[in-house]
Structure formats: C-alpha cells, structure tokens
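# Architecture and fold: a report
Each chain, letter by letter, is given below.
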Amino acid sequence: MQYWKKLTNSEIKEKVNKALAQNVDYHERSILGIPASHLDENVFNMDPAYLNNAPFLKTMVDNPNHIGCHTMGESEPFFAGTQKLEKELIGIVAEDILLCGPEQYDGYVASGGTEANIQAIWIYRNLFKKEFNARYDEICLLCSEDSHYSMPKAGNILNLDLEYVTVTDDSREITPDSVLEAINSAKAKGKKYFIVVANMMTTMFGSVDCVETYTHALSDAGVEFRIHVDGAYGGFVYPFSTDNEEMTFRNPHISSVTLDAHKMVQAPFGTGIFIARKGLIDNVFTNEAQYVSGLDATLIGSRSGANAIAVWMILQTYGPHDWFEKIHILNYRTNWLCNQLKELKVDFYRHPSSNIVAIRARHIPKELVHKYGLVPDSHNHNPQWYKIVLMEHVHVDHLMPFVEELKLIV
C-alpha cells in the first residue's frame, strides 16, 4: 500500500494539527482578500481544550475551503496543509483501492455520488465535443435500468439523451443481447458517441454490471465510448469482497470511478469521491475562474476541507487490513440472512460480493416493512422488492427478530 497505513489516534491527531498549522490562521494574519473565515465564534465552541482532542471538529471550526482539484498541482495556498491530506486520501482510493498507477489520476472529494457521476459525464461530453467535434444530440448516455437516478439527472442537466439497458429480472444482469439492443436503438436515433456508466453495486440490489459485456458490444458496433464506474455504494465494498479487477484502473477501458464515503465508510454526508485518469478532468476547466489559484475543474467549486479530513481519518484509523476484515464480517452476516431466507423458501436476490439483500415484495407484509424500515424499489407504484442493507450497526441479533416474524408469516 502506497498511502494507506493504519495510524493511532495520536498519530492522526498530530497529522491533522500539523496540516491545520500550515493553513491560514485568521487570528494571526489579517486576511483581507478571501470571502472565508473560521466558524462564527459566537455560535461555535472555540475552546482549545475541547477541540484539541477532536481533530475533525477542529477542522470544521477552522473551516478550510478545498476549492479546486489538488492532484493537479497549484491550488489555493491558504489551505495547503489540509489540501495535502485530501490529496493523500485521493491516493489511497486511486492507488491502493482502485489500483491506478502512481500519480496517474486526478480526483477530489465531492458533495456526493450524484455530483461525482455528473462530473464524469460532463467530462466525457466535453471530450467528445473537443476531440470529435460531436454535437450533443450525437452523444448518448448508456446505463442499465437499475442505475442510480443521478443518470437521468445528468442527462437533463447536460442536455444528453439516455438509453437504458434492460436487466434480467432474477439476476439483475445486463446481457449481450440487451446491450446490443440499446446500442442499436441509440444508433437509429443518430447517436455516435457513448458515455457508459457501469454499476459497481447498484443502490437497490447491490448488483454489478459486467464491463466486458459493454466493451465487446460497443467495440463490435464501431462507436466511440468512454466508461465511468458508479461505485457510490460498492466502491468501499466490492474491491475487498472479490478478486475481480475488472472495475479497477487495471482495466484499460475504465476512465473514472465514483465512490461515496458517507455510505459504508460512515463519514459525514457530503463526502463523495471522484477519481479519473490523469488529464481527463482538463476537459472541464473553468477558465473564467481567474481569481482561483490553479483554476477550477470541479462541478461544485468551494467545498468543505473538514469532510475530506473526516474520510482520511476513518480510513487511516482502520488501515487496509482492518477494513478488509470489516467487509468480510458484513458479508458473513449477509450470508447468514441469505441462508435463513433459503430455508424459508423466500425469493431474494443477492450478488455474491454484496451486503445488500433484495427480497421479493410478495413475501413481506406491510407491517414488517414499516417495523424494520425496509426500502422498496418504488414508492410510487406497487413495489416488487424490499431491500435490507447489512451495515455496521446491523448485527445478526438485529436480524433474528425479523427472521422469526417472517417464519410465522411464511
């Protein structure tokens, strides 16, 4: 591991304090030119005795702005210390988890998976326009029907048409025939360039798309394409529960990946992560941002440095081996639940490397749905599935009452 090490609490605190010491100090310097400051002292506790043992809270109070993409060189100098820790975090994700080559990537901590997905699609839309003189109506956004709703949102914002690939009902898989059908449908509408979003564990089912199914069909169709992986849910699960490297940067077809730290990593909300191969993010430089040092190539602009520090702290607290162990404990609990459902002859779907179990809705009465907070695949129509997510707080002891009540009903 290049960046990912297990650190003690004191080591984490020391590194964060050192980083904050390299940031601007509004008490020590008269900073006149930037519209930023630490949090309001009349509202937020500034007591050093309170904050010195709480590095995340201390970073929140200091309020660093991480505008820009710090893997690209020059950034705002006022917050250089904590920006270095964000860059280290991006290194952990890109090199140690997603197996990218050293310094062969750019990335930043976004507001969430939705922003990170839109960032990727924005990049490839501009790339096709720049390199192939493509019109927007010649570019197609291609993804499975189980993909996150950020895809149609991206299409709407970026003025791109979307083509869905159907999935099998039981296995939630894209197939060569369904991908080919979607490509041919798009080509019949004049589409020549394809932005593909492959799922590394979908939000509802935890299902995983076969990237090779996409690449074979698109190559045979003779069209230009780029592939983005939506690992908003699975990015911190799937690489640890499988040896399959198809969705990492070892696969030359993968250009970018989204992860969400505020899901499995249990970081504060607003901690999506976007990673792309080096040079791709150049396609979305905002040249008009002349007052920003290093310019800006992110969708969000100003962002919370504290959120980046929170994710860095969590991953460094675990280290790679403890994180691997955590994911496998969750998969053990998921296996236990699946075995119980099999014994009850309850129909469900679960990807072998996932900690999400989707149960056919016909088996689950409404009272159990409400009692245990199960999530449907649709709130607007008759749901076909309800899902259970095996998170850190969901122990077998929490699952047993649900299984016992289900036994009585079945």
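Anyway, here's the lowdown on the structure attached to this text. In this text the structure is predicted, and so the values were computed from the model without any measurement.

What counts as what
Residues numbered from 1 in each chain as written. Predicted model: local features only at pLDDT ≥ 70, side-chain atom pairs only at ≥ 80, totals over all residues. Heavy atoms only, no water. Pairing = 2+ DSSP bridges. Helix = DSSP H or I, 4+ residues; strand = E, 2+ residues; numbered from the N terminus. Contact = heavy atoms within 4.5 Å. Axes fitted to C-alpha atoms, helices over the stretch in contact; angles between N-to-C directions. Buried < 20%, exposed > 50% of the residue type's maximum accessible area, 1.4 Å probe, protein only. Polar contact = N/O pair within 3.5 Å; in protein donor to acceptor, adjacent residues only side chain to side chain.

## Thoughts on the sheet that holds strand β8 (residues 348-349)
Spatial ordering of the open sheet is given by β8-β9-β11-β10, a layout of 4 strands whose pairing is antiparallel. Among the strands making up the open sheet, the edge pair consists of β8 and β10 (375-376). Of the strands in this sheet, β8, β9 (356-360) and β11 (385-389) touch helix α10 (residues 305-343), which is tilted by about 15° from β9.

## Considering the side chain of T271
Mapped onto the elements of the fold, T271 is located in the loop between β6 (254-260) and β7 (272-277). Overall, the relative accessible area of 0% leaves T271 in the buried class. Engagement of the side chain of T271 in a polar contact is seen with the backbone oxygen of P268, the distance being 2.7 Å. With sequence-adjacent residues up to four places away left out, T271 is seen in contact with V109, A110, S111, D260, A261, H262, N307 and V311.

## So, the sheet that holds strand β1 (residues 105-110)
Paired through their backbone hydrogen bonds, the strands of a sheet run either parallel or antiparallel. Across the sheet, 7 strands lie side by side as β1-β7-β6-β5-β4-β2-β3; this open sheet has mixed pairing. Every interior strand has two partners, whereas the edge strands, β1 and β3 (161-165), have only one. Adjacent strand axes in the sheet meet at a mean angle of 20° when their direction is disregarded. Bridging between strand β2 (residues 139-144) and strand β4 (residues 193-199) involves 5 bridges; their strand directions are parallel.

## Remarks on unusual backbone geometry
For E103, which is not a glycine, the phi torsion comes out positive at approximately 60°. Looking at the element boundaries, E103 is found in the loop between α4 (80-97) and β1. The phi torsion at N159 lies on the positive side, around 60°, for a residue other than glycine. With respect to the helices and strands, N159 occurs in the loop between α6 (150-158) and β3. Overall, N159 belongs to the exposed group, its relative accessible area being 55%.

Coordinates in, geometry out; function isn't part of it.
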